[in-house]
Amino acid sequence: GAVVSQHPSWVICKSGTSVKIECRSLDFQATTMFWYRQFPKQSLMLMATSNEGSKATYEQGVEKDKFLINHASLTLSTLTVTSAHPEDSSFYICSVPGLASYEQYFGPGTRLTVT
Amino acid sequence: EDKVVQSPLSLVVHEGDTVTLNCSYEVTNFRSLLWYKQEKKAPTFLFMLTSSGIEKKSGRLSSILDKKELFSILNITATQTGDSAVYLCAGNSNSGYALNFGKGTSLLVTP
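The model shown is predicted, which means the values in this text are computed figures rather than measured ones.

Draft legend 1. Fine view of the overall build of chain A. When helices and strands are counted, chain A shows zero helices and eleven strands. Here chain A has a C-alpha radius of gyration of 13 Å; the compact-globule value for 115 residues is 13 Å, and the two agree. A principal-axis box enclosing the C-alpha atoms of chain A has dimensions of 40 × 30 × 25 Å. Here chain A holds 115 residues, and 53% of them are scored as buried. A separation of at least 24 residues holds for 52% of the contacts in chain A among residues at least 6 apart in sequence.

Quick look at the structure:
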C-alpha cells in the first residue's frame with residue numbers, strides 16, 4: 001500500500017491565526033488526495049477532494065474559503081485552516097487512493113488545537 | 001443521502017472471545033465496502049469487499065458482504081488485547097474514491 005506522511009503531527013495555534021498542514025505521498029504519484037476531519041469519538045468526515053493541478057472539490061457544509069487546499073504536485077497536498085477558531089480543533093487526516101483498487105491509505109493525521 | 005451504520009458502538013470482551021461487528025449501508029451506486037482499524041492515529045486498511053458471499057480472511061480477522069441485505073460483518077476470533085481499537089467501515093460508490101464512514105465500533109479486549 002501507499003506510504004503517506006503528514007506534517008506537522010500536532011500543532012497548537014491561537015485563535016485567528018492560520019495553520020498549514022502538509023500531506024505527502026511518499027512512494028507514488030497521486031493525482032487525487034482526500035482530506036478528512038475527525039472530532040473526538042466521532043467518525044471520519046470527508047472535507048474535500050484535492051485534485052492535482054485543479055481546484056479542490058468540497059463537501060457540503062465545508063467552507064472552501066476557510067479550508068484552503070492546494071495540490072501543486074503529484075506528491076503533495078496542503079490544507080490551510082485560515083483564521084482558525086477553537087471549534088476547528090480536530091484531527092485532520094489525509095488519504096491517498098490505492099493504485100489497483102479503491103482502498104485508501106491514510107496519513108498519520110495532524111492534531112490541531114486552537115486556543 | 002448515503003449512510004453507513006455500525007453496531008454496536010462499543011464492546012468489551014475478554015481475551016480469547018470471538019466478536020462480530022456489524023455494518024449496514026445505504027450507498028447510491030455502491031461499489032465496495034471497506035473495513036479499517038484505528039488505534040489512536042490514522043486508520044489502517046483491513047479489507048475491501050465488493051462481491052456478496054465471498055469471505056475475506058487475514059489471520060484471526062475475516063469479513064463478508066451481503067449485497068442483498070446491504071450489510072457486512074467483521075469477525076475477530078481468539079481476540080487479543082492488541083485488537084483493542086475502533087473499527088470503521090466505509091462505503092464507496094461508483095462516483096469516485098471518496099469514502100462514507102460509519103461512526104465506528106470501539107472494541108476493548110481485556111486480559
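Draft legend 2. Here's a closer look at the pairing of strand S11 (residues 110–114) of chain A. All names here are of chain A. Of the two faces of S11, the one holding Thr110, Leu112 and Val114 is buried and the one holding Arg111 and Thr113 is not buried anywhere. Summarising the sheet, strand S2 (residues 10–13) and S11 pair through four bridges and their orientation is parallel. The residue bridging valine 11 from the neighbouring strand is leucine 112, located in S11. Summarising the sheet, strand S9 (residues 90–97) and S11 pair through three bridges and their orientation is antiparallel. Pairing of phenylalanine 91 across the sheet is with arginine 111, part of S11.

Draft legend 3. Representation of the nonpolar core within the structure. Counting residues in hydrophobic clusters, the biggest one holds 26 residues, and the most contacted among them are Val4, Trp35, Phe67, Leu79, Tyr92, Val96 and Leu112 of chain A. Of all the secondary-structure elements, those providing two or more residues to this core are S2, strand S3 (19–25), strand S4 (32–38), strand S5 (45–51), strand S7 (67–73), strand S8 (76–81), S9 and S11 of chain A. Those residues in contact with valine 4 of chain A that lie beyond four places of it in its chain are Cys23, Arg24, Cys94, Val96, Tyr105, Phe106, Gly107 and Pro108 of chain A. Core analysis: the next-biggest nonpolar cluster, separate from the first, contains 21 residues, Val13, Val27, Phe47 and Ala85 of chain B among them.

Draft legend 4. Unusual backbone geometry, seen in detail. In this chain, histidine 7 of chain A is followed by proline 8 of chain A through a cis amide linkage whose omega measures 0°. With respect to the helices, strands and loops of the structure, proline 8 of chain A is situated in the loop between strand S1 (4–7) and S2. With an omega dihedral of -10°, the bond running from serine 7 of chain B to proline 8 of chain B counts as a cis peptide bond. Mapped onto the elements of the fold, proline 8 of chain B is located in the loop between strand S1 (3–7) and strand S2 (10–14). Even without being glycine, alanine 78 of chain B reaches a positive phi, approximately 45°. With respect to the element layout, alanine 78 of chain B can be found in the loop between strand S8 (71–76) and strand S9 (85–93).

Draft legend 5. Spotlight on the packing of aromatic side chains. Using the criterion set out here, one finds nine aromatic pairs over all chains in the structure. Note on phenylalanine 106 of chain A and tyrosine 36 of chain B: the rings are 5.2 Å apart at their centroids and 85° apart in plane angle, and the pair reads as edge-to-face. Here tyrosine 36 of chain B lies in strand S4 (residues 30–38) and phenylalanine 106 of chain A lies in strand S10 (residues 104–106), a pairing that spans two chains. We classify phenylalanine 106 of chain A as buried; its relative accessible area is 11%.

Draft legend 6. Up close: the state of the cysteines. Evaluation of the coordinates by the stated rule reveals two disulfides over all chains. Between the sulfur of cysteine 23 of chain B and that of cysteine 89 of chain B lies a disulfide, 1.7 Å long from S to S. Taking the sign of the torsion about the S-S bond as the criterion, the disulfide between cysteine 23 of chain B and cysteine 89 of chain B, at about 60°, is right-handed. Separated by 66 residues along the polypeptide, cysteine 23 of chain B in strand S3 (residues 19–26) and cysteine 89 of chain B in strand S9 bring together distant segments of the chain. Exposure class is identical for cysteine 23 of chain B and cysteine 89 of chain B. Each is buried. Counting only cysteine sulfurs, cysteine 94 of chain A is the nearest neighbor of cysteine 13 of chain A, a cysteine outside any disulfide, at a range of 18 Å.

Draft legend 7. Inspection of the interface of chain B and chain A at higher detail. Listed per partner, the contact involves 20 residues of chain B and 19 residues of chain A. The interface formed by chain B and chain A holds zero salt bridges in total. Of all the elements in the fold, those that place two or more residues in the side of chain B that touches chain A are S4, strand S5 (44–49), S9 and strand S10 (99–101) of chain B. Looking at the side of chain B that touches chain A, the element that brings in the most residues is S4 of chain B, giving five residues. Class assignment for the residues of the side of chain B that touches chain A results in eleven nonpolar, five polar and four charged.

Draft legend 8. Local environment of the sheet that holds strand S7 (residues 61–66) of chain B. Residue and element names in this part refer to chain B. Read across the sheet, five strands follow the order S1-S3-S8-S7-S6 without closing on themselves; strand pairing throughout is antiparallel. Of all the strands in the sheet, the pair left with one neighbour each is S1 and strand S6 (56–58). Across the sheet, the axes of successive neighbouring strands diverge by a mean angle of 15°, strand direction being ignored.

What counts and how
Residues numbered from 1 in each chain as written. Chains lettered and ligands numbered in written order. Predicted model: local features only at pLDDT ≥ 70, side-chain atom pairs only at ≥ 80, totals over all residues. Heavy atoms only, no water. Helix = DSSP H or I, 4+ residues; strand = E, 2+ residues; numbered from the N terminus. Rg over C-alpha atoms; globule rule 2.2 N^0.38 Å. Buried < 20%, exposed > 50% of the residue type's maximum accessible area, 1.4 Å probe, protein only. Contact = heavy atoms within 4.5 Å. Pairing = 2+ DSSP bridges. Core = buried A, V, L, I, M, F, W, Y, C linked by side-chain atoms within 4.5 Å. Phe/Tyr/Trp six-rings, centres within 6.5 Å; stacked < 30°, edge-to-face > 60°. Disulfide = S-S within 2.5 Å. Salt bridge = Lys/Arg side-chain N within 4 Å of Asp/Glu carboxyl O. Nonpolar A, V, L, I, M, F, W, Y, C, P; charged D, E, K, R; others polar. Axes fitted to C-alpha atoms, helices over the stretch in contact; angles between N-to-C directions.

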